[in-house]
Amino acid sequence: MLLRCLAGLRSLSVAVALAASIFLIDTLTSLHFAVASLYVIVVLISAHDLHRRGIVTTGVTCALLTVLSYALMHGFEADGAAPLRFGVSLISILIATVLVLRNVSANLRVKEVERQRANLTRFFSPKIVDQLVDIRAPFSFARRQPATVLFVDMIGFTAYSSGKSPDVVISMLRDLLQLLSEAVFSNHGSVDKYLGDGLMAFFGPPLTSRRDATNAAMCALEIVNSIECWNQRRVRCNKAAVRIAVGIHCGEVVQGDVGSERRLELTLVGDTVNIASRVEAHCRIIDAPVLVTEKFVEALLVEGSLEIAKAFVDEGVHLLRGCKEPIRLFSMRQEPRSARRPDDWLVGSRPGGEVG
C-alpha cells in the first residue's frame, strides 16, 4: 500500500512539474505552435492515479493555465495565428479529458462485472453466470416462478464430529461441500445457501429450462456416486464413511433478495422449499439416500426423461413433519440406465412398483 502511494506521488509530481514547464514555455517563449496542446500529456499522466473528479480538475486546471498564458502573452486581442493555436490547445485538452474519463468509466465497468461474476460464481454454475452477466435486466426483484429445489445433508454429522479436532471437522466439511457444489454446478443448478454439513440448491431460476427436473435428478445421482467414490478413498485411509440424504421437490417458489442493506442474498422461499426440506429429513425414516415427491417424478415424465423416472421406486404415501396432507414419495434405489450409456435406453422396463 505504501509503495502504491509513493508511486502515485511520483506520478503526480511529474504531472505538476510538466504542467509548470509547459506553462513557462508557452508564456515566456514565442514558439509558433500550440505549446499548450502538450497539456494533454499532463491529463494522461494524472489519469494513472486520480479518479474522475481529479481528472476533471486536472483538465480544467490545464485549460485555465492555457487561458492565463494567452492573456499574459497576447491580452485578449487577436494576434495573428495565436487565437487559432489557443483554440487548438483548448480543444485538445477537452478531447483528452473526455477520452480519459470514458476510459476510466470503462475500466470501472469491467471491474464491476468481474466483481459481480465472482459473487455469482459462489451460487450459480458457470453457464448461468455467463448468461446473467450478459443480461442487463436486474434479477434482484421479487417474483414467482417454477423451480426444482434440492436439499442435501450429511447424516450423523453430530456423532461424526464428536471428539474430533476442529481442523479435521472443517477439512471434511470443505471436501464434502466442494463435492456437493460441483455436482450442482455440473448439472446447471445453483446453490441457494450452504447449511453447515449440507446445502440447498435449485434448478430453474433465474433462467428456467425444459430440463430443470432432469438436471436435479442427475445431480442427485452424481452426488450419490461421488459420495460412494469418496467413501472408498476414506475407508482406505481408515476414515469413517459418510452418509448423505437428498430430498427433491418442484413447484412454484418466490425468488428475491433478502437480508439487510449491508448484505443481501438471492434466495427462494415458499411451500416448495419447505416440502423439499421435509423430504430430505424423511430420508432417515425410509433409509433411502435420495427421496423425491410424486410431483417431481411427474415433472421428469413431462420433460421426457422416462428412463430416469423409472429409477425411482414408489414408497407409498407419507405424512411429513410440518405438512397437513400426506405426500407420495419415491426413492432412488439404483442408477438409471440413461446415466450409464445412451445405448441402454432401449432396454425394457424394470419390475413392478416403479414409475413408468
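Residue numbers run consecutively from 1 along every chain, following the written order of its sequence. Totals for whole chains, interfaces and linings use every residue, but because this is a predicted model, local features are given only for residues with pLDDT of at least 70 and side-chain atom pairs only at 80 or more, for both listing and counting. Side-chain figures throughout are based on the complete set of non-hydrogen atoms in the structure, without hydrogens or water.

Novice: Just to check I follow, could you spell out the pairing of strand S6 (residues 290-293) for this structure?
Specialist: Consecutive side chains along a regular strand alternate between the two faces of the sheet. Buried, partly exposed and exposed residues are distinguished by accessible area as a fraction of the type maximum, computed with a 1.4 Å probe on protein chains only: under 20%, between the cut-offs, and over 50%, respectively. Only DSSP runs of H or I reaching four residues or more are called helices, and only runs of E reaching two or more are called strands; each is numbered from the N terminus. Neither face of S6 is exposed, since Val290 and Val292 on one face and Leu291 and Thr293 on the opposite face are all buried. The sheet contact formed by S6 and strand S8 (residues 327-332) spans three bridges and is antiparallel. By the bridge assignment for S8, Leu291 is matched with Ser331. Here the rule is simple: two strands pair whenever DSSP picks up at least two bridges between them.

Novice: Would you mind showing me how to read helix H8 (residues 212-236) here?
Specialist: Three or four residues apart is the spacing at which side chains of an α-helix point the same way, because the helix has 3.6 residues per turn. With 25 residues, H8 ought to run about 36 Å at 1.5 Å a step, and its terminal C-alpha atoms sit 36 Å apart, in line with that. Phi for Asn238, located one or two positions after H8, is positive at around 60°. In this scheme, a helix's expected span is set at 1.5 Å multiplied by one less than its residue total.

Novice: Quick question: what am I supposed to make of the pattern of salt bridges here?
Specialist: Opposite charge on two side chains makes pairing possible when the charged atoms of those side chains draw close. Salt bridges are counted wherever a side-chain nitrogen of Lys or Arg sits within 4 Å of a carboxyl oxygen of Asp or Glu. One pass over the structure, following the stated rule, counts seven salt bridges. Ionic pairing is found between Asp153 and Arg284, a salt bridge with its closest N-O pair at 2.9 Å. Note that Asp153 is positioned in strand S1 (residues 143-155) and Arg284 in helix H9 (residues 271-286), a separation of 131 residues in sequence. Looking at Asp153, the relative accessible area reads 19%, which means it is buried.

Novice: Looking at this structure, I do not really get the packing of helix H7 (residues 166-186) against H8. What am I missing?
Specialist: When two helices pack together, their arrangement is given by the angle between the helix axes and by the axis-to-axis distance. Only C-alpha atoms enter the line fits that serve as axes; for helices the fit covers just the stretch in contact. Angles between N-to-C directions range over 0 to 180 degrees. The contact between H7 and H8 brings their axes to 9 Å, and the two run at 150°. Classified by the angle their axes make, H7 and H8 are roughly antiparallel. Crossing hand, H7 versus H8: right-handed. Of H8, the residues touching H7 (which contributes Met172, Asp175, Leu176, Leu179, Leu180, Glu182, Ala183, Val184 and Ser186) are Cys219, Glu222, Ile223, Ser226, Ile227, Trp230 and Arg234. Basically, the charged four are Asp, Glu, Lys and Arg, the nonpolar ten are Ala, Val, Leu, Ile, Met, Phe, Trp, Tyr, Cys and Pro, and anything else, Gly included, counts as polar. Taken together, the residues of the contact of H7 with H8 break down into 10 nonpolar, two polar and four charged. For classification, angles of less than 35 degrees are called roughly parallel, those exceeding 145 degrees roughly antiparallel, those between 65 and 115 degrees roughly perpendicular, and all remaining angles oblique. Crossings are assigned a handedness: left-handed for a near helix turned anticlockwise from the far helix by less than a right angle, right-handed for a clockwise turn. Throughout, a residue-residue contact means that at least one pair of heavy atoms, one from each residue, lies within 4.5 Å.

Novice: In this structure, what is going on with the side chain of Asp197? I would like to understand it.
Specialist: On the secondary structure map, Asp197 appears in the loop between strand S2 (190-194) and strand S3 (198-203). Among buried charged residues, Asp197 stands out as having no salt bridge; its nearest opposite-charge side chain is Arg284, 6.2 Å away. The contacts of Asp197, once residues within four sequence positions are left out, are Asp153, Met154, Phe157, Leu173, Leu176 and Leu177. None of His or the chain ends enter the tally, which takes Lys and Arg as positive and Asp and Glu as negative.

Novice: It is not clear to me how the packing of H8 against helix H10 (residues 294-302) should be interpreted in this structure. Could you clarify?
Specialist: Contact pair H8 / H10: the axes reach a minimum separation of 8 Å and the direction vectors enclose 115°. Judged on the interaxial angle alone, H10 and H8 are roughly perpendicular. The element H8 and its partner H10 pack so that their crossing is left-handed. On the side of H8, the interface is formed by Ala213, Thr214, Ala216 and Ala217, while H10 contributes Phe296, Ala299 and Leu300. Of the residues contributing to the contact of H8 with H10, the split by class is six nonpolar, one polar and no charged.

So yeah, pure geometry; function would need other evidence.
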